[in-house]
Amino acid sequence: MWYCTSIYVLFFIFGAESQNPNNVCPTFRDYFNMRNNSNCWYDFAAVDKVPQIIKKSGYPFMEYKVKTSDGYILTVFRIPVLASTKPAVFLLHGVQSTSAIFLGLGKSSMAFLLYEAGYDVWLGNYRGTEYSQGHENMNSTQREYWDYSVDDIALKDLPAMLQLVTFHAGHRGKIIYIGHSLGTTAGIIYASEYPDFAARTIGILVLLTPAYKLPNMRSPYRLLLPLVRPILEVTNTLNVVQFISAGGLRNLTRPLCLSSPPLMIACLTVMNLFLGPFTQIAPETIPVYFNQIPAGTSFKTLSYLSEATRNRFRKYDYGPGKNRYLYNSDMPPEYDLKKIKIPVYIMYARSDWAISREDSMQFYRSLPQEMRYGMYEVRNLNFNHYDFLFGRNSKTLVTDKLLNMLERFTSEQTYLQ
């Protein structure tokens, strides 16, 4: 009886799995007959959310909720390592994405490789993303919910999430902070605005494509960014900002871009126009990519990018009247990088059109000399802004280099103790 029951259970498990239709292929040609093509297979990361991706990949999983000082309820995921003595690593995503970007390459994903190296991995999701749309008094269908800027992400969301990590994993030592794109901006602002508290919490800032002042941005984004303010005013007037900000665009782009190989290529080409002319995103990764991007954010957050292309790195500009009330000045103050008391390591790509080599170097030179821990440049011509996390060679070109640096850094900290 037990034998028959076991066979039945195994049949149920593997039979159910086999019912999943193919959804990824190694070449664009294979997508034309994907359903019955033996070269194609089913990838749950192309349809599932972060909790399912982690658990189905065979890793331990924990989920936490944390409330900010202004009532936003954020979700933080954890891939816990209990036996290792290595510190916690906190990963924060960029604009129009979520923590899922650190899980986009299966076992070669950055989050999983950090776990395999013995780090306690924490995945942050700042306000407005699909995993952090809670609030104690509002909901994401209200216009007021989306009235937040990068300042709020950096100075309210980030402290709340880092305090959570410190509470559960502070005994391991200071947190290793890894940010991508706008996730780097939040880390920079936090470290410059709360330098003493940040220095007690974070051991090193690792910034993948540091988003600071961006006067040399080559992306056509810079032509659209001046429209953010007018769009914000119109959407506020019409009370439709929540529908535009909540990530609903992905409900259109995902079915459109995955409907045929030519459209997949076209969508990827359009994305490359903004992120870099060429990419290492493989055909089998494209469905995973469009399952995660674009995600939600506020127009006030996007306005930071408009300021950055004008060579500004300052607090949100509310206009002279409110600026005088909030900042005691007609103009918002600049964040002062000279206050940062945390070692900073940056990684950037020569062919990144969103955050250029020149802007990355300028940021690094603006740091206090003693806080410049090092930098690394990805020189490949076919490596753009999102290839840090989705590129087929990102393990070799980025994560392996990152792990080597972290091994050196943690060894130095142990020696100093």
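Per an unreviewed UniProt entry, the protein is named Partial AB-hydrolase lipase domain-containing protein, and its organism is Phaedon cochleariae.

Draft legend 1. Region of interest: the overall build of the protein. A tally of regular secondary structure across the protein gives 17 helices and 9 strands. With 417 residues in all, the protein has 56% of them scored as buried. Looking at the protein alone, contacts between residues at least 24 apart form 74% of all its contacts between residues at least 6 apart. With the model as given, the accessible surface of the protein reaches about 18,500 Å², and the carbon-plus-sulfur share is 57%.

Draft legend 2. Broad picture of the UniProt feature "active site" (unreviewed entry) in the protein. Within this structure's numbering, the places UniProt gives as "active site" (unreviewed entry) are Ser181, Asp352 and His385. Spatially, the listed residues are clustered: although they cover 205 residues, their C-alpha atoms lie within 11.2 Å of one another. Relative to the assigned elements, Asp352 resides in the loop between β8 (344-349) and α15 (357-366). For Asp352, a relative accessible area of 0% corresponds to the buried category. Once residues lying within four places of it in the same chain are set aside, the contact partners of Asp352 are Thr209, Arg218, Leu275, Phe383, Asn384 and His385. Tracing the sequence through the fold places His385 in the loop between β9 (372-378) and α16 (387-390).

Draft legend 3. Layout of the pattern of salt bridges. Under the criterion given, the structure shown has 23 salt bridges. A salt bridge links Glu130 to Lys49; the shortest N-O distance between them is 3.0 Å. Placement of the pair is Glu130 in the loop between β4 (120-124) and β5 (134-135) and Lys49 in the loop between α1 (2-18) and α2 (50-56), with a sequence separation of 81 residues. By relative accessible area, Glu130 is classed as partly exposed at 29%. Taking the shortest distance from any N to any O, the salt bridge between Glu63 and Lys65 comes out at 3.9 Å. For Glu63, a relative accessible area of 42% gives the class partly exposed. Overlapping salt bridges bring together Asp70, Arg127, Asp152, Lys156 and Asp157 as one network.

Draft legend 4. Focus on the side chain of Asn384. Following the sequence through the fold, Asn384 ends up in the loop between β9 and α16. A distance of 3.3 Å separates the side chain of Asn384 from the backbone oxygen of Phe278, its partner in a polar contact. A distance of 3.2 Å separates the side chain of Asn384 from the backbone nitrogen of Tyr386, its partner in a polar contact. Residues contacting Asn384, with those up to four places away along its chain left out, are Asn272, Leu275, Gly276, Phe278, Thr279, Ser351 and Asp352.

Draft legend 5. A look at empty space enclosed by the protein. Under the definition given, this model contains 2 cavities of 30 Å³ or more. Each pocket or cavity is described by its volume, and for the largest cavity that value is around 130 Å³. Lining the largest cavity are 15 residues, with Tyr304, Glu307, Arg314, Lys315 and Tyr316 positioned closest to its centre. Mapped by element, the contributors of at least two residues to the lining of the largest cavity are α4 (150-169) and α13 (299-309). Its volume calculated, the second largest cavity comes out at about 40 Å³. In terms of lining residues, the second largest cavity is bounded by Asp48, Lys49, Val50, Ile53, Thr98, Ala100, Glu130, Tyr131, Asn291 and Gln292. Looking at the lining of the second largest cavity residue by residue, the classes come out as 4 nonpolar, 3 polar and 3 charged.

Draft legend 6. Molecular detail of the state of the cysteines. Inspection of every chain in the model, using the stated rule, returns 2 disulfides. Covalent S-S linkage joins Cys25 and Cys40, the inter-sulfur distance amounting to 2.0 Å. Around the S-S axis, the bridge from Cys25 to Cys40 shows a dihedral of about 110 degrees and counts as right-handed. Here the residue Cys25 occupies a position in the loop between α1 and α2, and Cys40 occupies one in the loop between α1 and α2, the gap between them amounting to 15 residues. Note on accessibility: Cys25 and Cys40 belong to one class, buried. A disulfide bridge connects Cys257 with Cys267, and the sulfur atoms are separated by 2.0 Å. Classification of the bridge connecting Cys257 and Cys267 rests on its S-S torsion, roughly -85 degrees, and on that basis the disulfide is left-handed. With Cys257 in helix α10 (residues 250-257) and Cys267 in helix α11 (residues 261-275), this pair connects stretches of sequence that are 10 residues apart.

Parameters at a glance
Numbers given for residues are sequential positions, taken from 1 along each chain in its written order. Local features in a predicted model are, by the rule used here, given only for residues with pLDDT of at least 70; side-chain atom pairs are given and counted only at 80 or more, and totals for whole chains, interfaces and linings are based on all residues. Only heavy atoms go into the side-chain values, all of them from the structure, while hydrogens and water stay out. Helical segments are the DSSP runs of H or I of at least four residues, strand segments are the runs of E of at least two, and each set is numbered from the N terminus. Each residue is placed in one exposure class: buried if its accessible area under a 1.4 Å probe, protein chains only, is under 20% of its type's maximum, exposed if it is over 50%, and partly exposed if it falls in between. Residue contacts follow a heavy-atom distance rule, with two residues in contact if any of their heavy atoms lie within 4.5 Å. The accessible surface values rely on the Shrake-Rupley method and a 1.4 Å probe; as for residues, cover is taken only from the protein chains in view. UniProt positions are given in the numbering used here, feature names are shortened, and annotations may be inferred rather than shown by experiment. Salt bridge criterion: a side-chain nitrogen from Lys or Arg within 4 Å of a carboxyl oxygen from Asp or Glu. By the criterion applied in these results, polar contacts are pairs of N or O atoms within 3.5 Å in which, for protein atoms, one can donate a hydrogen and the other can accept it, and in which residues neighboring in sequence qualify only through two side-chain atoms. Here a cavity denotes grid points, spaced 1 Å and computed from the protein atoms alone, that fit a 1.4 Å probe unable to get out, and a pocket denotes an open set having protein on both sides within 12 Å along at least 5 of 7 lines; residues with an atom within 4 Å of a point are the lining. Grid points are joined across faces, edges and corners, and a volume is the space filled by probe spheres set on the points. For this classification, Asp, Glu, Lys and Arg are treated as charged, while Ala, Val, Leu, Ile, Met, Phe, Trp, Tyr, Cys and Pro are nonpolar and the rest, including Gly, are polar. Pairs of cysteine sulfur atoms within 2.5 Å are what we label disulfides.

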